[in-house]
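Chains, contacts and geometry: an overview
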Amino acid sequence: MPIVPEFIPRKLLPVFCVLDIPMSMDEEQITRVNTIMLEMVDLLREKANKLYSSELRIAVLQSYGTSQWLTDGLISPEDFSWQGLKASGASNFGDTLNELNNKLSRKQFLISEGGFTAPVIIFMNGSGPKDDYELALNKIKSTNKWFEVSTKIVAVVGNDANVQVLQEITGNKEAVIKVNDEESTKSLMEIIRKAMKMYF
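The sections below set out a description of the structure shown in this document.

**A look at the overall build of the protein chain**
Of the regular secondary structure elements, the protein chain holds six helices and six strands. When the helices and strands of the protein chain are placed in sequence order, the string is β-α-β-β-α-β-α-α-β-α-β-α. At 17 Å, the protein chain has a C-alpha radius of gyration in line with the 16 Å of a compact globule built from 200 residues. Along the three orthogonal principal directions, the C-alpha set of the protein chain runs to about 65 × 35 × 30 Å.

Following this line, the structure appears as structure tokens:
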């Protein structure tokens, strides 16, 4: 009888997109966010097809005043269709961080027989959080090991961002990227490529 190779589950590579899109964003910024998301989903689909040792999954969280997941947990990029969005509600980044902290857990989204690689978390923001986010940020940084080991990137859509505040999320200024035109969007895609390069 032929020997049937034993199935070995692949580790999942989770990519979280966290969108803080308040009403204060203008139409040009919203258009840029939609462009970034479309290009990023295409990039993730391309990369997912080239993975051998890992399996890429994506989850998208947006702040609408309250936080809302746009995906049902972690899903394949092939199953995710970006429909575009409009700014809605006030920025509530603290609530969004608490929701991310809750789901960034083996009891929630991170369930897999094959285990997980370190997550990649891509934040999109305008001028920076306006609410009392510090408590939520300190909590996720001090208590969530997945967040601690993750690769964190902040895409800033706009020119009036408080970079000093946003680098509190990533831990370094170089990971806070201003994205205002086609050229800077390409630069962001290249940074995302490099963030996932270790898994290819």
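Now that the structure is up, let's keep going.
**Things to note about the pattern of salt bridges**
Considering all chains together, one arrives at seven salt bridges under this definition. For the salt bridge of Glu55 with Arg57, the shortest nitrogen-to-oxygen distance reads 2.4 Å. Overall, the relative accessible area of 24% leaves Glu55 in the partly exposed class. Across the salt bridge formed by Lys186 and Glu182, the nearest N and O atoms sit 3.9 Å from each other. One end of the pair is Lys186 and the other is Glu182, both in helix α6 (residues 182-196) and four residues apart, which spans about a single turn. Overlapping salt bridges bring together Glu46, Lys50 and Arg193 as one network.

**With respect to the packing of aromatic side chains**
Applying the stated criterion to the full structure yields seven aromatic pairs. Members of the aromatic cluster, joined through ring pairs, are Phe16, Trp69 and Phe109. The ring centre of Phe147 lies 4.6 Å from the NZ or CZ of Lys152, which sits over that ring.

**Quick notes on the nonpolar core**
Among the nonpolar cores identified, the biggest contains 35 residues, and Met37, Met40 and Ile192 are the most heavily contacted of them. Among the secondary structure elements, those contributing two or more residues to this core are β1 (11-20), α1 (27-48), β2 (54-64), β4 (120-125), β5 (151-156) and α6. Other than its neighbours up to four places away in sequence, Ile192 contacts Met40, Leu43, Ile122 and Ile153. Listed in part, the 29 residues of the second largest apolar core include Trp69, Leu97, Phe116 and Leu137.

**Points about the pairing of β1**
When you tally the buried positions in β1, you get nine out of ten residues, the bulk of the element. Here five bridges tie β1 to β4, and the two strands are oriented parallel to one another. Across the sheet, the residue bridging to Val18 is Phe123, located in β4.

**Some remarks on the side chain of Asn101**
Counting through the fold element by element, Asn101 comes out in helix α2 (residues 93-103). Looking at Asn101, the relative accessible area reads 14%, which means it is buried. Setting aside residues up to four positions removed in sequence, Asn101 forms contacts with Lys139, Ile140, Thr143 and Asn144.

**Some thoughts on the environment of Ile192**
Relative to the assigned elements, Ile192 resides in helix α6. Residue classification places Ile192 among the buried positions, given a relative accessible area of 0%. Along the sequence, Ile192 and Thr31 sit 161 residues apart, while their C-alpha atoms lie 20 Å from each other.

**Here we look at the packing of α1 against α6**
The interhelical angle for the contact between α1 and α6, taken along N-to-C directions, is 35 degrees, at an axis separation of 10 Å. Between α1 and α6 the crossing geometry is right-handed. Facing Arg32, Ile36, Glu39, Met40, Leu43, Leu44, Glu46 and Lys47 of α1, the residues of α6 in contact are Glu182, Thr185, Leu188, Met189, Ile192, Arg193 and Met196. For the contact of α1 with α6, the class distribution of residues is eight nonpolar, one polar and six charged.

**Brief notes about the packing of α2 against helix α3 (residues 134-143)**
In a packed pair of helices, the relevant descriptors are the angle between the two axes and the axis-to-axis distance. Closest axis-to-axis distance for the α2/α3 pair is 8 Å, and the angle between their directions is 20 degrees. One way to sum up the angle between α2 and α3 is to call them roughly parallel. Crossing of α2 over α3 shows left-handed handedness. In contact with Gly94, Leu97, Asn98, Leu100 and Asn101 of α2, α3 contributes Ala136, Leu137, Lys139, Ile140 and Thr143.

Definitions and cut-offs
Residues numbered from 1 in each chain as written. Predicted model: local features only at pLDDT ≥ 70, side-chain atom pairs only at ≥ 80, totals over all residues. Heavy atoms only, no water. Helix = DSSP H or I, 4+ residues; strand = E, 2+ residues; numbered from the N terminus. Rg over C-alpha atoms; globule rule 2.2 N^0.38 Å. Salt bridge = Lys/Arg side-chain N within 4 Å of Asp/Glu carboxyl O. Buried < 20%, exposed > 50% of the residue type's maximum accessible area, 1.4 Å probe, protein only. Phe/Tyr/Trp six-rings, centres within 6.5 Å; stacked < 30°, edge-to-face > 60°. Lys NZ or Arg CZ within 6 Å of the ring centre and 35° of its normal. Core = buried A, V, L, I, M, F, W, Y, C linked by side-chain atoms within 4.5 Å. Contact = heavy atoms within 4.5 Å. Pairing = 2+ DSSP bridges. Axes fitted to C-alpha atoms, helices over the stretch in contact; angles between N-to-C directions. Left-handed = near helix turned anticlockwise from the far one by under 90°. Nonpolar A, V, L, I, M, F, W, Y, C, P; charged D, E, K, R; others polar. Parallel < 35°, antiparallel > 145°, perpendicular 65-115°, else oblique.

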